[in-house]
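Architecture at a glance
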Amino acid sequence: MKKNTGLSGVLWDESYLWGIWLIDALTRTNIGFELIKAKDLEQLDKYRILFVPGGWASNKIKAIGEEGSKLIKEFVKEGGIYFGICGGAGLATKEGLGLVDVRRKKDRVPSFSGPFLARIFDHPLWKGITTPHFFLWWPSELELEDKNIKVLATFLAPLPNAFSSDIPVQDFKDLWDELESLYEIKLNPKEMENSPLFLEAKLEKGTVYLSLIHFDTPKDKSGHKVLKNLKEYYQLSENRQRNSYKKLVNNETVDQEKIKIIDEMYKEIKKLISFCERNFLLIKRYNFMYQWRRGIRGFEYINLYFMIKRLQKETIENRWLLLFIDIKKLIELRNEIKIFIKKATELLKKERILLQKSKLTYNYTEDEEISSIRKELFGSRKSYDGFYKQLIDKIDDQLYTLFKVKFNN
């Protein structure tokens with residue numbers, strides 16, 4: 001198996017917003033890549049490196065399947081590079097692909113997010129990084145079982161604008177014991193100190209990188225610098241001239257109808273986000289991320305919002321991509337989004353009231369009506385399920401089709 005093309009593959013399955021972040025970061029750092037799914041893993045010999053974005057590792061392993069797992073492991077053993085970010089890192093652990101002797105820690109701080117200061121250890125990937133400020137987004141924690149695994153970075157301290165669950169870290173530094181008793185989970189970022197965040201491991205001829213650090217965070221210059229260093233270190237190829245379909249002539253009538261439908265979808269999801277903001281259920285932290293109030297399924301709404309927003313953006317800026325959207329599927333998607341948002345709004349109203357008088361978490365409530373609606377919309381698992389999962393998969397299919405045409409041809 002030859003890995004001399006320098007081309008990168010991005011494994012898209014079960015990534016959603018995190019997949020968008022990664023391809024944007026690779027585009028900004030001029031790393032040439034192609035999008036692939038589990039069905040394409042037989043072609044891994046085309047690539048020098050396989051990037052795996054964030055997302056639920058448990059869902060990723062299901063999508064990849066036993067045969068896909070074998071193909072990834074063989075790819076690395078024969079000299080390939082695996083670079084997993086957050087959920088993509090979790091996928092490589094013993095609970096997933098088993099590429100490394102690392103486990104995900106069970107007793108951890110589960111809900112840290114935002115900027116932090118890292119302690120970094122000598123490696124070419126840190127070239128030019130003088131102040132190691134990066135971002136974490138609700139990461140797992142890792143436990144090493146192999147002393148030969150190289151730790152490249154650990155957690156040192158949170159920075160202003162970091163949150164633990166929905167608690168601003170800088171405002172509650174002396175109250176963690178009280179808050180943890182109330183929330184019934186670990187919250188104190190001090191518990192994360194020295195926790196390994198970025199690892200390098202060898203698997204026969206290949207290399208595995210596990211990064212809980214989101215180097216792909218939008219507008220994170222330090223994170224993008226690490227990706228540029230990765231490009232230089234492994235001599236990865238640059239973006240090629242693509243978009244050969246641009247010259248195709250569009251059907252104006254059909255295009256306008258598609259644009260109208262996508263605009264309706266965006267207005268619907270924007271109404272939901274505005275409702276959440278008015279009711280103090282969502283707080284805008286950055287242009288690319290919100291924080292939600294503990295007790296609601298906040299990230300699900302955020303994920304849906306940014307995916308639809310990106311679908312609109314792509315079809316406005318690259319109108320030729322409308323050629324690759326099936327209008328019947330788009331109409332069906334629009335109708336289902338309206339149904340979902342109507343039910344989600346009713347659920348959020350009930351949750352908003354309940355938060356004033358009773359305990360509520362993403363998976364616990366004594367209110368049977370709320371529990372029933374939640375199960376219909378989100379299923380019973382913490383990872384994506386229910387009506388919501390069906391919906392984001394359909395949006396994801398549309399985005400994947402557009403991105404594949406845009407970046408792969």
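Structure: above.
Attention here is on the structure that accompanies the text. Since this is a predicted model, take the numbers as computed values, not measurements.

**Focus: the side chain of Glu-141**
By the element assignment, Glu-141 lies in the loop between strand E7 (133-137) and strand E8 (142-144). For Glu-141, the side chain forms a polar contact with the main-chain nitrogen of Val-109, separated by 3.0 Å.

**Details of the nonpolar core**
Across soluble globular proteins, nonpolar side chains show a tendency to be buried alongside one another. With 139 residues, the main nonpolar core has Ile-72, Tyr-82, Leu-99, Phe-198, Met-289 and Phe-340 as its most contacted residues. For this core, the leading source of residues is helix H10 (residues 386-408), giving 11 residues. Non-local contacts of Tyr-82, meaning those with residues more than four positions away in its chain, are made with Leu-50, Val-52, Ile-72, Val-76, Gly-88, Leu-91, Ala-92, Leu-97, Leu-99, Thr-207, Val-208 and Tyr-209.

**Quick notes on H10**
Over its 23 residues, H10 extends 32 Å from the first C-alpha to the last, a length consistent with the 33 Å expected when each residue adds 1.5 Å. By the criterion of burial, H10 is predominantly enclosed, with 17 of the 23 residues buried.

**Some points on the packing of aromatic side chains**
Scanning the entire structure with this criterion turns up 42 aromatic pairs. Here Tyr-16 and Tyr-384 contribute two aromatic rings whose centre-to-centre distance is 5.5 Å and whose plane-to-plane angle is 75 degrees, an arrangement assigned as edge-to-face. Here Tyr-16 is found in the loop between strand E1 (8-11) and helix H1 (17-28), whereas its partner Tyr-384 is found in the loop between helix H9 (368-378) and H10, with 368 residues between them in sequence. Side by side, Tyr-16 and Tyr-384 carry an identical accessibility label, which is buried. By way of ring pairs, the aromatic residues Trp-18, Trp-21, Phe-135, Trp-137, Trp-138, Tyr-286, Phe-288, Trp-292 and Phe-299 are connected into one cluster. For the cation-ring pair, Lys-37 lies above Tyr-400, with the distance from its terminal atom to the ring centre recorded as 4.4 Å. Geometry around Tyr-364 places Lys-359 over its ring, the cationic atom sitting 5.0 Å from the centre.

**As for the environment of Asp-255**
Position of Asp-255 among the secondary structure elements: in helix H6 (residues 252-278). You can call Asp-255 buried: its relative accessible area is 2%. Note: C-alpha distance between Asp-255 and Thr-401 (146 residues apart in sequence) is 17 Å.

**Focus on the pairing of strand E2 (residues 33-36)**
Side-chain alternation along E2 places Phe-33 and Leu-35 on one buried face and Glu-34 and Ile-36 on a second face that is also buried. Two strands pair when backbone bridges link them, and E1 and E2 are joined in this way by four bridges, in the parallel orientation. Residue pairing in the sheet places Gly-9 in a bridge with Glu-34 of E2. Crossover E1 to E2 through H1 is right-handed.

**Some thoughts on H1**
The end-to-end C-alpha distance of H1, which contains 12 residues, comes to 17 Å, matching closely the 16 Å that a straight helix rising 1.5 Å per residue would cover. Residues of H1 that are buried include every one of Leu-17, Trp-18, Gly-19, Ile-20, Trp-21, Leu-22, Ile-23, Asp-24, Ala-25 and Leu-26, and no others. Asn-30 sits one or two positions beyond H1 and adopts a positive phi of about 60 degrees.

**Things to note about the packing of H1 against H10**
At their nearest, the axes of H1 and H10 sit 13 Å apart, and the two run at 15 degrees to each other. Taken together, the axes of H1 and H10 lie roughly parallel to each other. At the point where H1 passes H10, the crossing takes the left-handed sense. Between H1 and H10, the contacting residues are Ile-20, Ile-23 and Thr-27 on the first element and Leu-399, Phe-403 and Phe-407 on the second. Looking at side-chain class alone, the contact of H1 with H10 contains five nonpolar, one polar and no charged residues.

**Some thoughts on the side chain of Gln-312**
With respect to the secondary-structure elements, Gln-312 resides in helix H7 (residues 298-317). Residue Gln-312 is classed as buried on the basis of its relative accessible area, which comes to 15%.

**A look at the pattern of salt bridges**
A full pass over the atoms with the stated rule returns 34 salt bridges. Put simply, Glu-66 and Lys-70 hold a salt bridge, and the shortest N to O gap is 3.8 Å. Separated by four residues within a single helix, Glu-66 and Lys-70 lie in helix H2 (residues 57-77), roughly one turn from each other. On the accessibility criterion, Glu-66 (62% relative accessible area) is exposed. One salt bridge connects Lys-267 with Asp-263, and the closest N-O pair in it is separated by 3.2 Å. In this pair, Lys-267 and Asp-263 both sit in helix H6, four residues apart, roughly one turn of the helix. Among the ionic contacts, a cluster of salt bridges with common partners joins Asp-24, Arg-310, Glu-314 and Lys-406.

Conventions used here
- Residues numbered from 1 in each chain as written.
- Predicted model: local features only at pLDDT ≥ 70, side-chain atom pairs only at ≥ 80, totals over all residues.
- Heavy atoms only, no water.
- Helix = DSSP H or I, 4+ residues; strand = E, 2+ residues; numbered from the N terminus.
- Polar contact = N/O pair within 3.5 Å; in protein donor to acceptor, adjacent residues only side chain to side chain.
- Core = buried A, V, L, I, M, F, W, Y, C linked by side-chain atoms within 4.5 Å.
- Buried < 20%, exposed > 50% of the residue type's maximum accessible area, 1.4 Å probe, protein only.
- Contact = heavy atoms within 4.5 Å.
- Expected span 1.5 Å × (residues − 1).
- Phe/Tyr/Trp six-rings, centres within 6.5 Å; stacked < 30°, edge-to-face > 60°.
- Lys NZ or Arg CZ within 6 Å of the ring centre and 35° of its normal.
- Pairing = 2+ DSSP bridges.
- Right-handed = clockwise from strand over helix to strand, strands pointing away.
- Axes fitted to C-alpha atoms, helices over the stretch in contact; angles between N-to-C directions.
- Parallel < 35°, antiparallel > 145°, perpendicular 65-115°, else oblique.
- Left-handed = near helix turned anticlockwise from the far one by under 90°.
- Nonpolar A, V, L, I, M, F, W, Y, C, P; charged D, E, K, R; others polar.
- Salt bridge = Lys/Arg side-chain N within 4 Å of Asp/Glu carboxyl O.

None of this, on its own, says anything about what the molecule does.
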